[in-house]
Amino acid sequence: MPPSPAPTPGSAQVRADCGRCFGLCCVVPAFARSSDFAIDKPAGQPCPNLRTDHRCGIHTELRQRGFPGCTVFDCFGAGQQVAQVTFGGRNWRDAPGTLPAMAEAFAVLRPLHELLWYLTEAVALRPPAELRVELERARAETVALTAGDPAQLRAVDLTAHRDRVNPLLSRASDAARSPGGADHRGAHLLGADLRRVDLRRANLRGALLVGATCWASTSAWPT
Ligand code: SF4
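Residues numbered from 1 in each chain as written. Predicted model: local features only at pLDDT ≥ 70, side-chain atom pairs only at ≥ 80, totals over all residues.

**Q** For this particular structure, what's the right way to read the site of the ligand?
**A** Around the ligand lies a shell formed by Cys26, Cys47, Asn49, Leu50, Cys56, Ile58, Phe67 and Cys70. Classifying every residue of the shell around the ligand gives 7 nonpolar, 1 polar and no charged. (Near = placed C-beta within 6 Å. Nonpolar A, V, L, I, M, F, W, Y, C, P; charged D, E, K, R; others polar.)

In C-alpha coordinates form, the structure reads like this:
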(Lines give C-alpha, C1' and ligand atoms only; values in the text may rest on other atoms or scores of the structure.)
Protein backbone atom coordinates (compact mmCIF):
# COMPACT_ATOMS: atom_id res chain seq x y z
CA MET A 1 0.00 0.00 0.00
CA PRO A 2 1.42 3.45 -0.82
CA PRO A 3 2.21 5.52 2.27
CA SER A 4 -0.39 8.12 3.19
CA PRO A 5 0.60 11.80 3.13
CA ALA A 6 2.76 12.90 6.05
CA PRO A 7 0.72 14.42 8.87
CA THR A 8 1.41 18.10 9.37
CA PRO A 9 0.88 20.33 12.39
CA GLY A 10 -2.76 21.30 12.55
CA SER A 11 -3.98 18.19 10.77
CA ALA A 12 -3.41 15.46 13.34
CA GLN A 13 -4.57 12.04 12.17
CA VAL A 14 -6.46 9.76 14.49
CA ARG A 15 -6.05 6.53 12.55
CA ALA A 16 -2.90 4.58 13.20
CA ASP A 17 -0.58 4.45 10.20
CA CYS A 18 2.05 1.92 11.26
CA GLY A 19 3.93 2.38 7.98
CA ARG A 20 4.82 5.92 9.04
CA CYS A 21 5.75 5.01 12.63
CA PHE A 22 8.95 3.51 14.03
CA GLY A 23 7.27 0.71 15.96
CA LEU A 24 6.89 2.90 19.03
CA CYS A 25 4.13 0.78 20.58
CA CYS A 26 6.52 -2.19 20.32
CA VAL A 27 9.30 -0.28 22.10
CA VAL A 28 7.95 2.34 24.50
CA PRO A 29 5.61 0.42 26.86
CA ALA A 30 6.65 -2.29 29.29
CA PHE A 31 4.98 -5.68 28.84
CA ALA A 32 4.14 -8.02 31.71
CA ARG A 33 3.92 -11.68 30.78
CA SER A 34 0.24 -12.50 30.77
CA SER A 35 -2.59 -13.77 28.57
CA ASP A 36 -1.99 -10.65 26.43
CA PHE A 37 1.78 -10.82 26.03
CA ALA A 38 3.93 -13.93 25.96
CA ILE A 39 6.98 -12.17 27.39
CA ASP A 40 8.15 -9.64 29.95
CA LYS A 41 9.67 -6.57 28.34
CA PRO A 42 10.97 -3.45 30.08
CA ALA A 43 9.82 -0.01 28.89
CA GLY A 44 12.01 1.48 26.18
CA GLN A 45 13.29 -1.91 24.98
CA PRO A 46 12.33 -3.13 21.49
CA CYS A 47 10.19 -6.26 21.44
CA PRO A 48 12.34 -9.13 20.12
CA ASN A 49 9.75 -9.68 17.37
CA LEU A 50 10.22 -6.16 15.99
CA ARG A 51 12.20 -6.25 12.76
CA THR A 52 14.75 -3.63 11.79
CA ASP A 53 12.26 -2.16 9.30
CA HIS A 54 9.89 -1.53 12.27
CA ARG A 55 7.45 -4.20 11.12
CA CYS A 56 6.29 -7.04 13.35
CA GLY A 57 7.97 -10.32 12.49
CA ILE A 58 4.97 -12.36 13.68
CA HIS A 59 2.18 -10.07 12.51
CA THR A 60 0.10 -12.84 10.93
CA GLU A 61 0.24 -15.10 13.97
CA LEU A 62 0.12 -12.75 16.94
CA ARG A 63 -2.69 -14.59 18.72
CA GLN A 64 -1.25 -18.04 18.13
CA ARG A 65 2.13 -16.85 19.45
CA GLY A 66 0.63 -15.41 22.65
CA PHE A 67 0.46 -11.69 21.77
CA PRO A 68 -3.30 -10.94 21.47
CA GLY A 69 -2.70 -7.66 23.31
CA CYS A 70 -0.91 -6.35 20.23
CA THR A 71 -3.97 -6.96 18.06
CA VAL A 72 -6.21 -4.64 20.08
CA PHE A 73 -3.84 -1.80 20.93
CA ASP A 74 -4.63 1.46 19.15
CA CYS A 75 -2.37 4.53 19.29
CA PHE A 76 -5.04 6.65 17.50
CA GLY A 77 -2.34 7.96 15.17
CA ALA A 78 0.00 9.13 17.95
CA GLY A 79 2.80 6.89 16.67
CA GLN A 80 3.13 8.54 13.27
CA GLN A 81 2.65 11.97 14.87
CA VAL A 82 5.69 11.38 17.09
CA ALA A 83 7.72 9.86 14.28
CA GLN A 84 6.90 12.21 11.42
CA VAL A 85 5.93 15.49 13.08
CA THR A 86 7.45 15.77 16.57
CA PHE A 87 10.74 14.19 15.44
CA GLY A 88 10.53 15.08 11.75
CA GLY A 89 11.11 11.54 10.49
CA ARG A 90 14.21 10.91 12.61
CA ASN A 91 14.42 7.24 13.42
CA TRP A 92 15.36 6.07 16.92
CA ARG A 93 17.45 3.26 15.44
CA ASP A 94 19.65 5.82 13.64
CA ALA A 95 19.63 8.20 16.60
CA PRO A 96 19.17 6.01 19.71
CA GLY A 97 19.61 9.03 21.97
CA THR A 98 16.19 10.27 20.83
CA LEU A 99 14.31 7.27 22.20
CA PRO A 100 13.68 8.58 25.76
CA ALA A 101 12.32 11.86 24.38
CA MET A 102 10.21 9.95 21.84
CA ALA A 103 8.81 7.82 24.64
CA GLU A 104 7.90 10.95 26.60
CA ALA A 105 6.23 12.48 23.57
CA PHE A 106 4.32 9.27 22.85
CA ALA A 107 3.05 9.16 26.44
CA VAL A 108 1.50 12.61 25.95
CA LEU A 109 0.35 12.27 22.35
CA ARG A 110 -1.39 8.93 22.72
CA PRO A 111 -4.02 10.27 25.19
CA LEU A 112 -4.32 13.50 23.20
CA HIS A 113 -5.02 11.54 20.03
CA GLU A 114 -7.52 9.39 21.89
CA LEU A 115 -9.34 12.57 22.92
CA LEU A 116 -9.21 13.73 19.31
CA TRP A 117 -10.85 10.49 18.25
CA TYR A 118 -13.69 11.00 20.73
CA LEU A 119 -14.12 14.65 19.77
CA THR A 120 -14.26 13.72 16.08
CA GLU A 121 -16.85 11.04 16.83
CA ALA A 122 -18.85 13.48 18.98
CA VAL A 123 -19.02 16.01 16.13
CA ALA A 124 -20.09 13.23 13.76
CA LEU A 125 -23.07 12.54 16.05
CA ARG A 126 -24.53 15.89 14.96
CA PRO A 127 -24.91 17.55 18.36
CA PRO A 128 -26.92 20.75 18.81
CA ALA A 129 -25.24 23.72 17.09
CA GLU A 130 -23.98 25.39 20.26
CA LEU A 131 -22.39 22.19 21.51
CA ARG A 132 -20.92 21.50 18.11
CA VAL A 133 -19.11 24.84 18.22
CA GLU A 134 -17.63 23.96 21.62
CA LEU A 135 -16.59 20.51 20.42
CA GLU A 136 -14.93 21.97 17.31
CA ARG A 137 -13.09 24.47 19.48
CA ALA A 138 -11.90 21.73 21.83
CA ARG A 139 -10.80 19.68 18.85
CA ALA A 140 -8.80 22.59 17.43
CA GLU A 141 -7.17 23.18 20.83
CA THR A 142 -6.28 19.51 21.06
CA VAL A 143 -4.81 19.47 17.55
CA ALA A 144 -2.74 22.54 18.47
CA LEU A 145 -1.39 20.71 21.52
CA THR A 146 -0.37 17.70 19.42
CA ALA A 147 1.73 19.95 17.18
CA GLY A 148 4.11 20.91 19.98
CA ASP A 149 7.82 20.15 20.02
CA PRO A 150 9.15 17.71 22.66
CA ALA A 151 9.54 20.44 25.29
CA GLN A 152 6.05 21.83 24.64
CA LEU A 153 4.55 18.34 24.83
CA ARG A 154 6.28 17.77 28.17
CA ALA A 155 4.56 20.89 29.49
CA VAL A 156 1.05 19.79 28.46
CA ASP A 157 -1.24 19.42 31.47
CA LEU A 158 -3.16 16.36 30.34
CA THR A 159 -5.38 16.22 33.39
CA ALA A 160 -6.49 19.83 33.01
CA HIS A 161 -7.16 19.36 29.30
CA ARG A 162 -9.17 16.19 29.92
CA ASP A 163 -11.17 18.00 32.60
CA ARG A 164 -12.12 20.64 30.01
CA VAL A 165 -12.98 18.15 27.27
CA ASN A 166 -14.77 15.39 29.20
CA PRO A 167 -17.88 17.45 30.11
CA LEU A 168 -18.31 18.27 26.41
CA LEU A 169 -18.08 14.60 25.51
CA SER A 170 -20.63 13.73 28.20
CA ARG A 171 -23.01 16.36 26.85
CA ALA A 172 -22.56 15.02 23.31
CA SER A 173 -23.25 11.52 24.60
CA ASP A 174 -26.40 12.65 26.43
CA ALA A 175 -27.62 14.54 23.35
CA ALA A 176 -27.03 11.52 21.08
CA ARG A 177 -28.89 9.18 23.44
CA SER A 178 -31.78 11.53 24.10
CA PRO A 179 -34.29 10.38 25.21
CA GLY A 180 -31.85 8.42 27.34
CA GLY A 181 -32.09 4.83 28.45
CA ALA A 182 -31.08 3.25 31.74
CA ASP A 183 -28.21 4.77 33.69
CA HIS A 184 -25.51 2.14 34.32
CA ARG A 185 -22.61 4.53 34.82
CA GLY A 186 -19.85 2.88 36.86
CA ALA A 187 -21.98 -0.23 37.43
CA HIS A 188 -20.28 -3.52 38.30
CA LEU A 189 -21.74 -5.86 35.71
CA LEU A 190 -18.97 -8.43 35.65
CA GLY A 191 -20.32 -11.69 34.23
CA ALA A 192 -23.88 -10.34 34.30
CA ASP A 193 -26.54 -11.90 32.09
CA LEU A 194 -27.94 -8.82 30.32
CA ARG A 195 -29.72 -10.60 27.51
CA ARG A 196 -33.13 -9.51 28.81
CA VAL A 197 -31.99 -6.01 29.71
CA ASP A 198 -32.72 -3.24 27.23
CA LEU A 199 -29.40 -1.44 26.81
CA ARG A 200 -30.49 0.69 23.90
CA ARG A 201 -29.48 4.32 24.63
CA ALA A 202 -28.25 3.21 28.06
CA ASN A 203 -25.34 5.05 29.64
CA LEU A 204 -22.60 2.49 30.36
CA ARG A 205 -19.80 4.98 30.97
CA GLY A 206 -17.21 3.39 33.26
CA ALA A 207 -19.29 0.23 33.73
CA LEU A 208 -17.41 -3.04 34.24
CA LEU A 209 -18.76 -5.45 31.64
CA VAL A 210 -16.06 -8.13 31.53
CA GLY A 211 -17.73 -11.47 30.85
CA ALA A 212 -21.21 -9.92 30.58
CA THR A 213 -23.62 -11.33 28.01
CA CYS A 214 -25.67 -8.82 26.02
CA TRP A 215 -28.30 -9.05 23.34
CA ALA A 216 -26.35 -8.39 20.15
CA SER A 217 -29.13 -7.77 17.66
CA THR A 218 -29.87 -4.17 16.74
CA SER A 219 -32.79 -5.05 14.49
CA ALA A 220 -35.27 -6.53 16.91
CA TRP A 221 -35.74 -6.75 20.65
CA PRO A 222 -36.70 -10.20 22.01
CA THR A 223 -40.21 -10.33 23.35
S1 SF4 B 1 4.78 -8.95 18.94
FE2 SF4 B 1 4.90 -7.70 17.11
S3 SF4 B 1 3.23 -6.16 17.33
FE4 SF4 B 1 3.59 -7.09 19.34
S5 SF4 B 1 5.05 -5.73 20.35
FE6 SF4 B 1 6.25 -7.36 19.36
S7 SF4 B 1 6.80 -6.52 17.36
FE8 SF4 B 1 5.12 -5.26 18.15
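**Q** What is the right way to look at the domain arrangement of the protein chain in this model?
**A** A common way to express how large an interface is: the accessible area buried when the components associate. If you check the domain split of the protein chain, you get domain 1 (18–177) and domain 2 (181–223). One C-alpha centre belongs to domain 1, the other to domain 2, and the line joining them spans 29 Å. (Domains from an automatic or database assignment.)

**Q** Where do I start with the packing of helix α4 (residues 129–146) against helix α6 (residues 158–177) in this structure?
**A** The interhelical angle for the contact between α4 and α6, taken along N-to-C directions, is 145°, at an axis separation of 10 Å. Crossing geometry of α4 relative to α6 is assigned as left-handed. Residues Leu131, Glu134, Leu135, Ala138 and Leu145 of α4 lie in contact with α6, whose contacting residues are His161, Arg164, Val165, Leu168, Arg171, Ala172 and Ala175. Grouping the constituent residues of the contact of α4 with α6 by class yields 8 nonpolar, 1 polar and 3 charged. (Axes fitted to C-alpha atoms, helices over the stretch in contact; angles between N-to-C directions. Helix = DSSP H or I, 4+ residues; strand = E, 2+ residues; numbered from the N terminus. Left-handed = near helix turned anticlockwise from the far one by under 90°. Contact = placed C-beta atoms within 7 Å.)

**Q** Where do I start with α4 in this structure?
**A** Since the α-helix turns once every 3.6 residues, residues separated by three or four places project in the same direction. Under the 1.5 Å per step criterion, the end-to-end length of α4 is 26 Å for 18 residues, consistent within 8% with the ideal 26 Å. Of all the positions in α4, only Leu135, Ala138, Arg139, Thr142, Leu145 and Thr146 are classed as buried. In a view along the axis of α4, the buried residues occupy a sector of 120°, so they form one face of it. Turned more than 90 degrees away from the buried face of α4, the exposed residues are Ala129, Glu130, Val133, Arg137 and Ala140. Buried residues along α4 sit against α2 (78–86), α3 (99–124) and α6. (Expected span 1.5 Å × (residues − 1). Buried ≥ 20, exposed ≤ 12 C-beta atoms within 10 Å, placed from the backbone. Arc of directions from axis to C-beta.)

**Q** Looking at this model, I keep getting lost on the environment of alanine 43. Mind explaining?
**A** One can find alanine 43 in the segment before α1 (68–72). On the basis of neighbour counts, which here come to 12 C-beta atoms within 10 Å, the residue alanine 43 falls in the exposed class. Along the chain, alanine 43 and arginine 205 lie 162 residues apart, while their C-alpha atoms are 30 Å from each other.

**Q** I keep staring at the nonpolar core and nothing clicks. Help me out?
**A** Inside soluble globular proteins, nonpolar side chains tend to come together where they are buried. By size, the foremost hydrophobic cluster in this structure holds 30 residues, and its most contacted members are Leu24, Val82, Ala105, Phe106, Leu109 and Leu119. Mapped onto this core, the elements with two or more residues apiece are α2, α3, α4 and α6. Top contributing element to this core by residue count: α3, with 11 residues. (Core = buried A, V, L, I, M, F, W, Y, C linked by C-beta atoms within 7 Å.)

**Q** Would you explain the environment of arginine 132 in this entry?
**A** Tracing the backbone shows arginine 132 in helix α4. With 16 C-beta atoms counted inside 10 Å, the residue arginine 132 sits in the partly exposed group. Excluding residues within four positions of it along the chain, arginine 132 makes contact with Val123 and Pro127.

**Q** Please clarify how unusual backbone geometry should be interpreted in this entry.
**A** Peptide bonds are mostly trans, and most non-glycine residues show a negative phi. Here serine 178 and proline 179 are connected by a cis peptide whose omega angle stands at 0°. Residue placement: proline 179 occurs in the loop between α6 and β1 (193–194). Positive phi is not limited to glycine here, since histidine 54 has a value of about 70°. Within the secondary structure layout, histidine 54 lies in the segment before α1. Positive phi, close to 55°, is recorded for phenylalanine 76, a residue that is not glycine. As for its position among the elements, phenylalanine 76 is in the loop between α1 and α2.

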